[in-house]
Amino acid sequence: MDRRRFLGLGAVGCSTAALPWLGGLALAGGPGLGENRLVVVILRGAMDGLDVVQPVGDPAFASLRPHLGAGGLPLDGRFALHPGLSGLMPLWQAGELGFVHATSTPYRDKRSHFDGQDLLEAGIGMDAGDLGIARREGWLNRMLQAVPGLAAETAFAVGREALPLLSGRAPTLSWTPDQQLPLTAQGQLLLEQIYHDDALFREAAADAMMIEAEVEARRRAEAAAEEEEGMGMMQAPPARLADIDALVRFAAERLRGDTRIAAFSLGGWDTHRAQANAIGAPLARLQRIVLQLREGVGPQIWGRTLFLAVTEFGRTVRENGSRGTDHGTGGVAVLAGGALRGGRVLGHWPGLAEADLYDRRDLMPTSDVRGWAAWAMRGLYGFDRGVLEGSVFPGLDMGTMDPGVLR
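Residues numbered from 1 in each chain as written. Predicted model: local features only at pLDDT ≥ 70, side-chain atom pairs only at ≥ 80, totals over all residues. Heavy atoms only, no water.

## Observations regarding the overall build of the protein chain
In plain terms, the rule: Working definition: helices are DSSP H or I runs of at least four residues, strands are E runs of at least two. Numbering for both runs from the N terminus. Relative accessibility thresholds used throughout: buried, under 20% of the residue-type maximum; exposed, over 50%; partly exposed, between the two (1.4 Å probe, protein chains only). Only heavy atoms matter for contacts: two residues are in contact if any of them lie within 4.5 Å across the pair. Note that accessible areas follow from Shrake-Rupley with a 1.4 Å probe, and for residues the cover is restricted to the protein chains shown.
Within the protein chain, the secondary structure is distributed over 14 helices and 13 strands. For the protein chain, buried positions account for 55% of its 407 residues. Pairs at least 24 apart in sequence give 75% of the contacts found in the protein chain among residues at least 6 apart. In the form shown here, the protein chain has an accessible surface area of approximately 17100 Å², with 53% of it arising from carbon and sulfur atoms.

In structure tokens:
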């Protein structure tokens, strides 16, 4: 790694520290991807799709969830949106927001977060041969392998956690934000002098230092306000939305340039207890990412962007004794962007009658979430079906009909 890449990534890393719920950020670009953008968010912890997109038109829903699902915002007469995403309703009305219900990876029965996330990010099925080998590559990386002309600078990951979605043979760079490179004022001045004539590093470093200064200033202001009000850190704003703004601005700036692919991971969705309260913070973060990304890239780029948020599996249709939900099967994928033909809840709804459930406890999956991603990638970048079904998502059958995800 040369000095430019090492120091540039170091400057970026300092701005992503202390974000345990924002697990990773990856960016990719390069020739062959055209002008469309794809943003993928991995929702770690198994988001409850039945709470996010509530099937209020199903007669069994209210009895299965007596303490969950109140106050939803009507979408289409069959479904209602959780009020924690109310800020996205203008996007729904503009056709820039949509959902796929009752969708899942091929993962079944064991309901392990680790295995479920592995299969989700690898983009493989349960019968994909040697899973140990297949899991060494993520489906976004295999997509990039099909694009000529990629170099290491075209894809990199930033985050506390690994982002297997982007791992593989296509060249990438990575940075762990815990490995910070703190600089004194004198050190910063020295680097500015050393790299004064290096236009590429000078610009990247200036951007990263500005982000870090802004995040730190807001964090200190929040801490001071909390102390003054006697709140303490226990009641600090859980989402740290100022930090999200800084990271999304960083991604948006690059998406306005040569970057075509961005990926995040967002945790906090494992809501076994008191779900009505616990799901609020991750919903706020997800909403913030969508809205800030839309604002940050601007109308022209947003019009060519598809946002796709997916999770490892859904949750049980019945709430448990602690007013939460447990690990399930079928779930929801969230779609947004100006490239989306939205304002719809896609997918076949299987129903919540006990005979219609998977294993008599979970929402029955009626589609493979990989198929929705594959059709989106075909529409955005023109990939051949043989590449998508054979290389990007091994063993996937995309079916014969384009589901019409894009405009």
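Text resumes after the structure shown.
## Comments concerning the sheet that holds strand β4 (residues 73-74)
Where we set the bar: Should DSSP find at least two bridges between two strands, the strands are taken to pair.
The strand order across the open sheet built from 3 strands is β3-β5-β4, with neighbouring strands paired in antiparallel fashion. Of all the strands in the sheet, just β3 (53-54) and β4 have a single pairing partner and so form its edges. Here 2 bridges tie β3 to strand β5 (residues 80-81), and the two strands are oriented antiparallel to one another. The partner of Q54 across the bridge, within β5, is A80.

## Quick word on the pattern of salt bridges
This is how the line gets drawn: The term salt bridge refers to a side-chain nitrogen of Lys or Arg lying within 4 Å of a carboxyl oxygen of Asp or Glu.
The full count for this structure, using the stated rule, is 15 salt bridges. Between D359 and R111 there is a salt bridge, with its nearest N and O atoms 3.7 Å apart. Of this pair, D359 sits in the loop between β12 (345-346) and β13 (367-368) while R111 sits in the loop between β6 (97-104) and α5 (113-122), placing them 248 residues apart in sequence. The salt bridge involving E137 is made with R169; its shortest N-O contact spans 2.5 Å.

## As for the side chain of T325
For clarity, the cut-off: Whenever a nitrogen or oxygen atom comes within 3.5 Å of another N or O atom, the pair is scored as a polar contact, on the condition that within protein one atom can donate a hydrogen and the other can accept it, and that pairs from neighbouring residues in sequence are kept only if both atoms are in side chains.
With respect to the helices and strands, the residue T325 is situated in the loop between β10 (305-311) and β11 (331-336). For T325, the side chain forms a polar contact with the side chain of Q275, separated by 2.5 Å.

## Brief notes about the environment of L85
Along the chain, the position of L85 falls in the loop between β5 and α4 (89-93). Linking L85 and R285, residues 200 residues apart in sequence, is a C-alpha distance of 9.7 Å. Excluding anything up to four places from it in sequence, L85 contacts V52, L283 and Q287.

## Examining the packing of helix α13 (residues 369-381) against helix α14 (residues 385-392)
Inclusion rule: Under this scheme, a helix contributes an axis fitted over its contacting stretch, all axes are lines through C-alpha atoms, and angles between N-to-C directions fall in the 0 to 180 degree range. Reported orientations rely on four angle classes, namely roughly parallel under 35 degrees, roughly antiparallel over 145, roughly perpendicular from 65 to 115, and oblique for the rest. Whether a crossing is left-handed or right-handed is set by the direction in which the near helix is turned from the far one by less than a right angle, anticlockwise for left-handed and clockwise for right-handed.
Packing of α13 against α14 leaves a shortest axis separation of 10 Å and a crossing angle of 140°. On the basis of the axis angle, α13 is oblique to α14. Crossing hand, α13 versus α14: right-handed. Side by side, α13 and α14 meet where A374, W375, M377 and R378 of the first sit next to R385, L388 and V392 of the second.

## What to know about the nonpolar core
Basically, it comes down to this: Nine residue types can take part in a nonpolar core, namely buried Ala, Val, Leu, Ile, Met, Phe, Trp, Tyr and Cys, and a core is a set of them joined through side-chain atoms within 4.5 Å.
Ranked by internal contacts, the top residues of the largest apolar core, which has 50 residues, are L75, F99, L293, F307 and L352. Among residues more than four places away in sequence, those in contact with L293 are V39, V248, A252, L255, R288, W302 and F307. Formed by 42 residues, the second largest nonpolar core is a distinct cluster that contains L38, L140, M377 and L380.

## A closer look at the pairing of strand β9 (residues 259-266)
Here β9 lies mainly inside the structure; 8 of its 8 residues are buried. Where strand β2 (residues 37-43) lies against β9, 6 bridges are found, and the strand directions are parallel. Note that in β9 the partner of L38 across the bridge is I261.

## Side note on the pairing of β2
Counting buried residues in β2 gives 7 out of 7 residues, a clear majority hidden from the surface. Residues R37, V39, V41 and L43 point to one face of β2 and L38, V40 and I42 to the other, with burial holding for every one of them. Summarising the sheet, β2 and β10 pair through 7 bridges and their orientation is parallel. The residue bridging L43 from the neighbouring strand is T311, located in β10.

## Description of the confidence of the model for the protein chain
The test is simple: pLDDT expresses, on a scale from 0 to 100, how confident the predictor is about each individual residue.
The predicted model of the protein chain has a mean per-residue pLDDT of 81, with 71% of residues at 70 or higher. Segment residues 1-19: pLDDT under 50, and 48 contacts once partners within four positions in sequence are set aside and those in other chains are kept. Considering only residues more than four positions removed or in separate chains, one finds that residues 175-181, a stretch of pLDDT under 50, has 21 contacts.

## Thoughts on unusual backbone geometry
For D359, which is not glycine, the phi torsion reads 55° and is therefore positive. In this structure, R360 is a non-glycine residue whose phi angle is positive, near 60°. Along the polypeptide, R360 turns up in the loop between β12 and β13. When its relative accessible area of 52% is taken as the criterion, R360 is described as exposed.

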